[in-house]
Structure formats: structure tokens, C-alpha cells
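If you want the building blocks of each chain, they are given just below.
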Amino acid sequence: MRNQQVCWQPSSEMGFLIQPTPLPSLADYLLPDIAQHLDSISASLSIDIADGIIRQTLDELPVYDMTELIAEGQSLAIERACQLYCYFASAYVFMPHAEPATKIPAGVAIPLVQLSDAVERPPILSYAPYTLANWQKIDPDGDIVVDNLQLLQKFITKRDAAWFTLIHVDIEKRAAPAIGAIPTLLTAVAQNDLDTVSMSLMVIHDALLAMMTTLKRMPEHCHPQVYYHEVRPYIFGFENVIYEGVDKFGGKAQSFRGETGAQSSIIPALVRALGLSHEETSMTQHLRIMRDYMPRPHRDFIISIDDSALRGYIVQQKNTPLRDVHNETLQQLLAFRKMHLRFAASYIANQSADSLGTGGTDFMHWLQQLIDETQAHLITS
């Protein structure tokens, strides 16, 4: 839906975060009794999960038709409704102290698929509703920084869970200047504007530095064991789950990838802009699949980036200062990837012998491979 994409247009102010801000309630967009019911389940979701009654609550949820909401084209409201049903589905499937459910009740499944079709993403919790649209300023006049944010939706009440997500929101905001610089950079390459190419690379460099400053703060309030055992279980993928009442699935069980940082558009966009190429593996195929879980404008933005323009230009120029700026920027991406690997080891790999990511991949070896291949792209002669 064309009007559904307005809230997801990448910008130098908001990067890939939803714009202008996430919608906290559906009160003005659905019939009052329906909006109140959904908002009440949303508000008590973590309590019902802790009390072990979330499946009963959602089994009793009527099938609310989202056709009219979708037809009205209110993008923020559609995203908020989709977010709620995504959370409901994952809470149902992954209720603690029980085997994962093999079905999602019709009261959740039917609206979830309706809304997911509208936003053009798979019907499961992904990075967009989990992070990009899951924040609210504490001080409305303050900045979008982790200390001034709270979650709209959550599975558990521990601060570790909120901190984990909101650190990512902060990183997305700090990446915004880099995302805004990419079109300027490529235009400057096409126009042989050396000064603007150099300036744009420095904007990307500084944004990556700011992103790392935020990422370093993860351990302040998110403990690795709490993340692994209490936050992470809700964001795994669905394996052979029946979406009850959904005609287009014909009663057949469905499988979808879980929420993962690989669904963030920051690094894929920068990788293409900087002209990096990676060896074709099952993991690079996985990354391409992850694009389907991104908002469509983000996918389109990534695809629109000419991944051969900058590197060829830098090599052709034989301009030592420009090469230095290019390499310094690439070094910052390399540093970010190394830091990410350390956190992945601390928060996942070191917590269990089973180091599969929530997206379903064996990621540690592959993350190291990305680091090695990034290193190899430095232009030294």
C-alpha cells in the first residue's frame, strides 16, 4: 500500500525509525470497545505471561476485522495494530514453562495476517515492530536517546528487556546522518565532486563512531544471562505453526524467521554504499531473506544503492587523501562489526553450547568472516 510507506521513508533526521513517532494507542482508529479491548490486552501482556494465562486470554480474543482500518490507510495506526498482534502471536507461541504452541488462535492469526499483508512483511514479530516502532520519549521535548525512552510494548517487565531494545533505537537514531549521506555520496561520485565525497564519507564515519558509543552501553542495564534466558526466547522464529482460520494458508503449518538485528537496514545500506562484497554463502542468502522482513521503503532504499560506484571511483582517482578518508570510514565499520561480534559472544554464544541466532543461523563463524572480508576491502595501493 503506497500510503502505508509514508512512515518508513529513510531520512537524515530519523534514519530508519518510524516517523514521526510510534502511535501508542488505537483509541482514535478502531471502534471504542475493540480499541479498548486490544489496548487492555497490550497493557497486561507481561502480567498475563507471568501468570501463565496468556494463552487463555488470547484463545478468547474475538476475530476483529482490520479491513476498514487498512482501507483508511492510516499508516501509523496500521503499524500499531500489526505490532500488537505480532506480540500477541509470539507471547502465545512462546509462553514460558510450556512447549511452544503449534497453532495461533484465529482471534490473533486472522487480523495478524491481514495487517502483515498490508505492511508487506511476514506475519511474525520482526525488527520493525520490535524496535523501530517500539519507543516513546519520556520527555517529549528531549532527544531520542536511550535514557529518554521507554517501550510501548513488552513481554517482560525487567529493565534488561527494555534496555536491550532501546539501545537499538538509540543506535538507529545515531545512524540517521549516515543514511542521509548515502544519496549525497553517490550523487557526488557521479558528479566527480571530490570534496562532497570526502565530506559524506566523514559523516558516515562519525555516525558509526556514535553508534559504537551507544552499543558500548548495552551492559549497563542488560545482563547477558537475563537477555539469553528471559528476553531472547520470545523473538525466535515459528516452526510449523498453524494460523487458525487463515484461508490463504489452507490449514497448512507455516514457518517464519525470528526477529534479529539482521533485519535492521543500517549495515546492509552502508555495505552497499561502501562497495563491500561478501562471499556467497548460506548466510548471505539468509541476509537477502531478511530484507523481506524490513519495511518496503527500507528494502527499496537498499536495492537502489549502486554498490559499485564508490569503490571504483576511489580506486580510479588515485587520490591519497580521499583513499585515507575511505579507509578510515571502512575501519569504523570494521570496528563496529568487531564490537558486535564481542557482544554476540557475550550475550549468546557464551551462554549455551547452542549458538543459533533468533533468525535461525549459526552466526559466530559468519560474523568473523564478515570482519575478515571487510578488512580485505581496505584500499592499500
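Structure shown above.
Note that the structure is predicted; figures quoted are calculated from it, not measured.

A.B. asks: I would appreciate a short explanation of the overall build of the chain in the present structure.
C.D. replies: The secondary structure content of the chain amounts to 16 helices and five strands. The C-alpha radius of gyration of the chain comes to 21 Å, within 12% of the 21 Å expected for a compact globule of 381 residues. C-alpha extents for the chain along the principal axes are approximately 65 × 45 × 45 Å. Here the chain, with 381 residues, has 57% of them falling under the buried criterion. As presented, the chain carries roughly 16,100 Å² of accessible surface, and 51% of it is formed by carbon and sulfur atoms.

A.B. asks: Explain the packing of aromatic side chains here, please?
C.D. replies: Working definition: an aromatic ring pair is given by the centre-to-centre distance plus the angle between the planes. This model, assessed by the stated rule, comprises 11 aromatic pairs. Taking the centre distance of 5.4 Å and the plane angle of 75° together, the rings of tyrosine 243 and phenylalanine 249 count as edge-to-face. Each of the two residues, tyrosine 243 as well as phenylalanine 249, counts as buried. Look at phenylalanine 343 and tyrosine 347: their rings are 6.0 Å apart centre to centre, the planes differ by 45°, and that puts the pair in the tilted class. Of this pair, phenylalanine 343 and tyrosine 347 both sit in helix H15 (residues 320-347), four residues apart, which is roughly one turn of the helix.

A.B. asks: What is the right way to look at unusual backbone geometry in this model?
C.D. replies: Trans peptide bonds make up the majority, and among non-glycine residues the majority have a negative phi. Residue proline 20 is bonded to the preceding glutamine 19 through a cis peptide linkage, with omega at 0°. Position of proline 20 among the secondary structure elements: in the segment before helix H1 (32-50). Phi at glutamate 120 takes a positive value of approximately 60°, unusual for a residue other than glycine. In this fold, glutamate 120 is placed in the loop between helix H5 (106-119) and helix H6 (127-132). Taking relative accessible area as the criterion, glutamate 120 reaches 27% and is therefore assigned partly exposed. With a phi angle near 55°, asparagine 240 is a residue other than glycine that sits in the positive phi range. Along the chain, asparagine 240 falls in strand S4 (residues 238-243).

A.B. asks: Got a minute to help me understand the nonpolar core in this structure?
C.D. replies: The tendency in soluble globular proteins is for nonpolar side chains to be buried as a group. Residues Leu38, Met66, Tyr85, Phe88, Phe155 and Tyr243 are the most contacted members of the largest nonpolar core, which totals 127 residues. Apart from residues no more than four positions distant in its own chain, tyrosine 243 is found in contact with Ile104, Ala109, Leu112, Val113, Pro123, Phe238, Phe249, Gln254 and Phe256. In terms of nonpolar packing, the next biggest core, distinct from the first, is built from six residues, Leu334, Leu341, Leu367 and Leu370 among them.

A.B. asks: Where do I start with the state of the cysteines in this structure?
C.D. replies: A covalent bond between the sulfur atoms of two cysteines is what we call a disulfide. All chains considered together, the criterion is met by zero disulfides. In this model cysteine 86 remains outside any disulfide bridge; the closest cysteine sulfur is found in cysteine 82, 4.0 Å from its own.

A.B. asks: Teacher, can you tell me more about the packing of H1 against helix H4 (residues 75-93) here?
C.D. replies: The description of two packed helices rests on the angle between their axes and on the distance between the axes. With their axes 11 Å apart at the nearest point, H1 and H4 run at an angle of 30° to one another. Compared by their axis directions, H1 and H4 come out roughly parallel. H1 and H4 meet at a crossing whose hand is left-handed. The segment H1 lies against H4, with Leu38, Asp39, Ile41, Ser42, Leu45 and Ile49 engaging Arg80, Leu84, Tyr85, Tyr87, Phe88 and Ala91. A breakdown of the residues in the contact of H1 with H4 according to their chemical character gives nine nonpolar, one polar and two charged.

A.B. asks: Would you explain the environment of alanine 81 in this entry?
C.D. replies: Structurally, the position occupied by alanine 81 is in helix H4. Separated by 55 residues in sequence, alanine 81 and leucine 26 place their C-alpha atoms 7.3 Å apart. Not counting the four nearest positions on each side in its chain, alanine 81 is found in contact with Leu26, Met66, Leu69 and Leu115.

A.B. asks: Would you explain the pattern of salt bridges in this entry?
C.D. replies: Any two side chains of opposite charge can pair if their charged atoms end up close together. In this structure the tally under the stated criterion is 10 salt bridges. Note that arginine 121 is salt-bridged to glutamate 79, the shortest N-O span being 2.8 Å. Pair noted here: arginine 121 is in the loop between H5 and H6 and glutamate 79 is in helix H4, with a separation of 42 residues, a long-range link. Judged by its relative accessible area of 6%, arginine 121 is buried. Take glutamate 79: its relative accessible area is 3%, and that puts it in the buried class. Across the salt bridge formed by aspartate 117 and lysine 248, the nearest N and O atoms sit 2.9 Å from each other. Of this pair, aspartate 117 sits in helix H5 while lysine 248 sits in the loop between S4 and strand S5 (254-256), and the two are 131 residues apart along the sequence. A relative accessible area of 54% means that lysine 248 is categorised as exposed. One continuous salt-bridge network, built from bridges that share partners, spans Glu120, Arg296 and Asp300.

A.B. asks: I would appreciate a short explanation of the sheet that holds S5 in the present structure.
C.D. replies: The pairing of strands in a sheet happens through backbone hydrogen bonds and is either parallel or antiparallel. In space, the three strands of this open sheet follow the order S1-S4-S5, with mixed pairing throughout. In the strand order of this sheet, the two ends are held by strand S1 (103-104) and S5, each with one partner. Examined bridge by bridge, S1 and S4 share two bridges and lie parallel to one another. Of the residues in S4, the one forming a bridge with isoleucine 104 is tyrosine 243.

Reading the values: the criteria
Residue indices begin from 1 for each chain and proceed along its sequence in written order. Whole-chain, interface and lining totals are the exception, using all residues; otherwise, since this is a predicted model, local features are given only for residues with pLDDT of at least 70 and side-chain atom pairs are given and counted only at 80 or more. Side-chain numbers here rest on the full set of heavy atoms in the structure, without hydrogens or water. Numbered from the N terminus, helices here are DSSP runs of H or I no shorter than four residues, and strands are runs of E no shorter than two. When we talk radius of gyration, it's over C-alpha atoms, and the globule rule is simply 2.2 Å times the number of residues to the 0.38. Burial classification: accessible surface area is computed with a 1.4 Å probe over protein chains only, and a residue below 20% of its type maximum counts as buried, one above 50% as exposed, and the rest as partly exposed. The protein chains shown are the only cover counted for residues, whose accessible areas, like all others here, come from Shrake-Rupley with a 1.4 Å probe. Working definition: rings of Phe, Tyr and Trp (its six-membered ring) pair if their centres are within 6.5 Å, and the pair is stacked with planes under 30 degrees apart, edge-to-face with planes over 60 apart, and tilted otherwise. We define a nonpolar core as any set of buried Ala, Val, Leu, Ile, Met, Phe, Trp, Tyr and Cys residues linked to one another through side-chain atoms lying within 4.5 Å. Contacts are assigned to residue pairs with any non-hydrogen atoms lying within 4.5 Å of each other. Cysteine sulfur atoms that pair up within 2.5 Å are treated as a disulfide. Each axis is a line fitted through C-alpha atoms, and for a helix only the stretch in contact is used; angles between axes span 0 to 180 degrees, taken between their N-to-C directions. When describing relative orientation, an angle under 35 degrees is termed roughly parallel and one over 145 degrees roughly antiparallel, while 65 to 115 degrees is termed roughly perpendicular and anything else oblique. Should the near helix be turned anticlockwise from the far one by less than a right angle, the crossing is left-handed, and should it be turned clockwise, the crossing is right-handed. In this classification, Asp, Glu, Lys and Arg are treated as charged, Ala, Val, Leu, Ile, Met, Phe, Trp, Tyr, Cys and Pro as nonpolar, and every other residue, Gly included, as polar. Salt bridge, as applied in this entry: a Lys or Arg side-chain nitrogen positioned within 4 Å of an Asp or Glu carboxyl oxygen. A pair of strands is labelled paired if DSSP reports no fewer than 2 bridges between them.

Treat this as a map of the structure, not an account of what it does.
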